[in-house]
Amino acid sequence: MACHARAMGLYPEPYFRRLIGLVRRAGMSFVTDPHTGPLHLRVWDLLEVVFLAAHSLGRSTTRELDVLLDMITAQAARVLRVADYGLEVGRAAHLVVLEGSTVLDVITPHRPPRYVISHGRLVAQTTGTTTFHAIPTP
Amino acid sequence: MADRYDLVVANARLRGRGEALHHIGIRGGRIAAIEPSPLHGDAELDAAGNLVTPSFVNAHLHLDKVYTFSMAGEEALQAYTGGQMGQAMTAIELAARVKDRYEEGWIHRHAHRVLLDGLKHGVTHVQAFADTDTRGRLEGVKALLRLRDEWRGVVDVRVVAFPQEGVLRDPGAEDYVRRALEMDADVVGGIPWIEHTDRDAQEHVDRMLPWPASSTGTWPCSPTTRAIPGCAPPKCWPRRRSGRGGPGG
């Protein structure tokens, strides 16, 4: 796999296309520079990476957001050839229970998952509550 | 209900399965059932209609460099994010200052913290790069290998021995990479473009890609794939020394 591959952004279009053909033939995959922002902060928060990518790449339809979510789940697992990955019977149980019922609902606030399950065990649980004081009643 | 599970995730919304909520039964660390009707488990978690997906995979994390922001200095950052690829080299040189202070202890502490941060955000698989060269020596590799073994079963960490400073430009780096593999690093990385000439870049690939048969974890690469960085025969995680990480850095 090729990582970063930032120079490709500078290649002239015909050269770039020729390269992509070669890459396809070779069965190579890419891990691009993540959109972690100039400060390279929160590199551990992949939903935030998705959120930033949606903005910087102008991706907002359901289909496009699905693709972005795939990039931090199924596609990344494919690139790394993670065995046994995926939400299917028989696979290893690596799951997240996200905050939100649709991909858009999840990505917009990109809160930490409610539950994280690894190898079939609960390994992280996040509860976030805010209590308001002295607010006006509607 | 005859079947009983170790853990059940109830009322999950799943992508590609419509509006109906599903129930996921887990047994022996594996997904044993995904059903529209309720399941019973020794433990149960209520997804409450929220989306459930596979956990997240971070395919590229320089885990030996996390929390070194203040150590690298603003100059390095500016060079990297200046928008000009030409400055990437400058950034790497400036960031390399940190490596003169590399020490297994603090790298391990920082990296441990990031695995926790990641886990909170759903990351259960990480491909982690460790600079493996005459400046970083084996400090990063040692820290990340220890971490990998400590976290096994919770976060799957794959460690890449990565000669960030080049192989020809940094004589001795190759030996560090070899030693990293002997210590059970999973993947060999490379960064051909950092070498001075195209010929050297090719040499870099030739040395890093088909690792000499004398070392551990060898990978025969066919003559046709030999010249293509990162082209490796398919292998599955978590087999150790399983693949060749391509150019990175």
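These numbers were taken from a predicted model, which means no experiment stands behind them.

Caption draft 1: Looking closely at the overall build of chain A. The secondary structure content of chain A amounts to five helices and five strands. Mapped in sequence order, the helices and strands of chain A form the string β-α-β-α-α-α-β-α-β-β. Compactness check: chain A gives a C-alpha radius of gyration of 19 Å against a globular reference of 14 Å for 138 residues, more than 25% above the reference. Along the longest, intermediate and shortest principal axes, the C-alpha atoms of chain A span 60 × 40 × 25 Å.

Caption draft 2: Here's a closer look at the sheet that holds strand β3 (residues 95–97) of chain A. Reading across from one edge, β5(A)-β4(A)-β3(A)-β5(B) is the order of the four strands in this open sheet, with antiparallel pairing throughout. Because the sheet does not close on itself, it has two edges, and the strands there are β5 (121–125) of chain A together with β5 (52–54) of chain B. Across the sheet, the mean angle separating the axes of adjacent strands is 25° when strand polarity is ignored. In this sheet, β5(A) lies alongside strand β4 (residues 115–118) of chain A in antiparallel orientation, the contact comprising four bridges. Bridge pairing in β5(A) places Y115(A) opposite Q125(A).

Caption draft 3: Inspection of the nonpolar core at higher detail. If you look at the biggest cluster of nonpolar residues, it comprises 92 residues, and the most contacted ones within it are V50(A), A128(B), L144(B) and A161(B). Here the element with the most residues in this core is helix α2 (residues 46–56) of chain A; it accounts for six residues. Viewed by domain, this core spans two of them, domain 1 (4–46) and domain 2 (56–247) of chain B, each represented by three or more residues. Every residue in contact with A128(B), bar those within four places of it in the chain, is listed here: L61(B), L63(B), L144(B), V157(B), R158(B), V159(B) and V160(B).

Caption draft 4: The environment of V57(B), seen in detail. Looking at the secondary structure, you find V57(B) in strand β6 (residues 56–61). Along the sequence, V57(B) and A20(B) sit 37 residues apart, while their C-alpha atoms lie 27 Å from each other. Residues contacting V57(B), with those up to four places away along its chain left out, are I72(A), T73(A), A76(A), A77(A), L80(A), V82(A) and H125(B).

Caption draft 5: Region of the structure containing the interface of chain B and chain A. At the interface, 62 residues of chain B touch 60 residues of chain A. Broken down by secondary-structure element, the contributors of at least two residues to the side of chain B that touches chain A are β1 (4–12), β3 (30–35), β5, β6, α4 (104–120), β7 (123–131) and β10 (243–247) of chain B. Sorting elements by how many residues they give to the side of chain B that touches chain A places β6(B) first, with six residues. Among the residues making up the side of chain B that touches chain A, the classes are represented as 33 nonpolar, 23 polar and six charged. With three bridges connecting them, β3(A) and β5(B) associate as antiparallel partners. Each bridged residue has a counterpart across the sheet, and for V96(A) the counterpart in β5(B) is T53(B).

Caption draft 6: Examining the sheet that holds strand β4 (residues 40–46) of chain B more closely. All names here are of chain B. Overall, mixed pairing links the four strands, which are arranged β3-β2-β1-β4 in an open sheet. Bordering the open sheet on either side are β3 and β4, each of which pairs with just one other strand. On average, each strand axis in the sheet is inclined to that of its neighbour by 25°, with strand direction left out of account. Two elements, strand β2 (residues 22–27) and β3, share five bridges in a ladder whose sense is antiparallel. When the bridges of β3 are listed, I24 appears paired with I34.

Caption draft 7: The pairing of β7(B), seen in detail. All names here are of chain B. In terms of burial, β7 is largely enclosed, as nine of its nine residues are buried. Pairing of β6 with β7, which is carried by four bridges, proceeds in the parallel orientation. Bridging across to β7, N58 finds its partner in V126. Where β7 lies against strand β8 (residues 156–162), seven bridges are found, and the strand directions are parallel. Within the sheet, the bridge partner assigned to H125 lies in β8 and is D156. Note that the unit made of β7, helix α5 (residues 139–150) and β8 has a crossover that is right-handed.

Criteria and cut-off values
- Think of each chain on its own: its residues are numbered from 1, step by step along the sequence as written.
- Chains carry letters and ligands carry numbers; both start at the beginning, A for chains and 1 for ligands, and go up in the order they are written.
- With pLDDT at 70 or above as the cut-off, local features in this predicted model cover only qualifying residues; side-chain atom pairs require 80 or more to be listed or tallied, and sums for whole chains, interfaces and linings still use all residues.
- Counting from the N terminus, the helices are the DSSP runs of H or I reaching at least four residues and the strands are the DSSP runs of E reaching at least two.
- Computation of the radius of gyration draws on C-alpha atoms, with the globule rule given as 2.2 Å multiplied by the number of residues to the power 0.38.
- Only when DSSP finds a minimum of two bridges between them are two strands counted as paired.
- Lines fitted to C-alpha atoms define the axes here, with helix axes fitted over just the stretch in contact, and angles between the N-to-C directions of these axes take values from 0 to 180 degrees.
- Put simply, a nonpolar core is buried Ala, Val, Leu, Ile, Met, Phe, Trp, Tyr and Cys residues tied into one set by C-beta atoms within 7 Å.
- Partly exposed residues are those falling between the two cut-offs: more than 12 but fewer than 20 other C-beta atoms within 10 Å of their own, whereas 20 or more means buried and 12 or fewer means exposed, with C-beta atoms placed from the backbone.
- The source of the domain bounds is an automatic or database domain assignment.
- Any residue pair is listed as a contact if its two C-beta atoms, each placed from the backbone, are within 7 Å.
- Residue type decides the class: Asp, Glu, Lys and Arg count as charged, Ala, Val, Leu, Ile, Met, Phe, Trp, Tyr, Cys and Pro as nonpolar, and the leftover types, Gly among them, as polar.
- When the strands point away from the viewer and the path from the first strand over the helix to the second turns clockwise, the crossover is right-handed.

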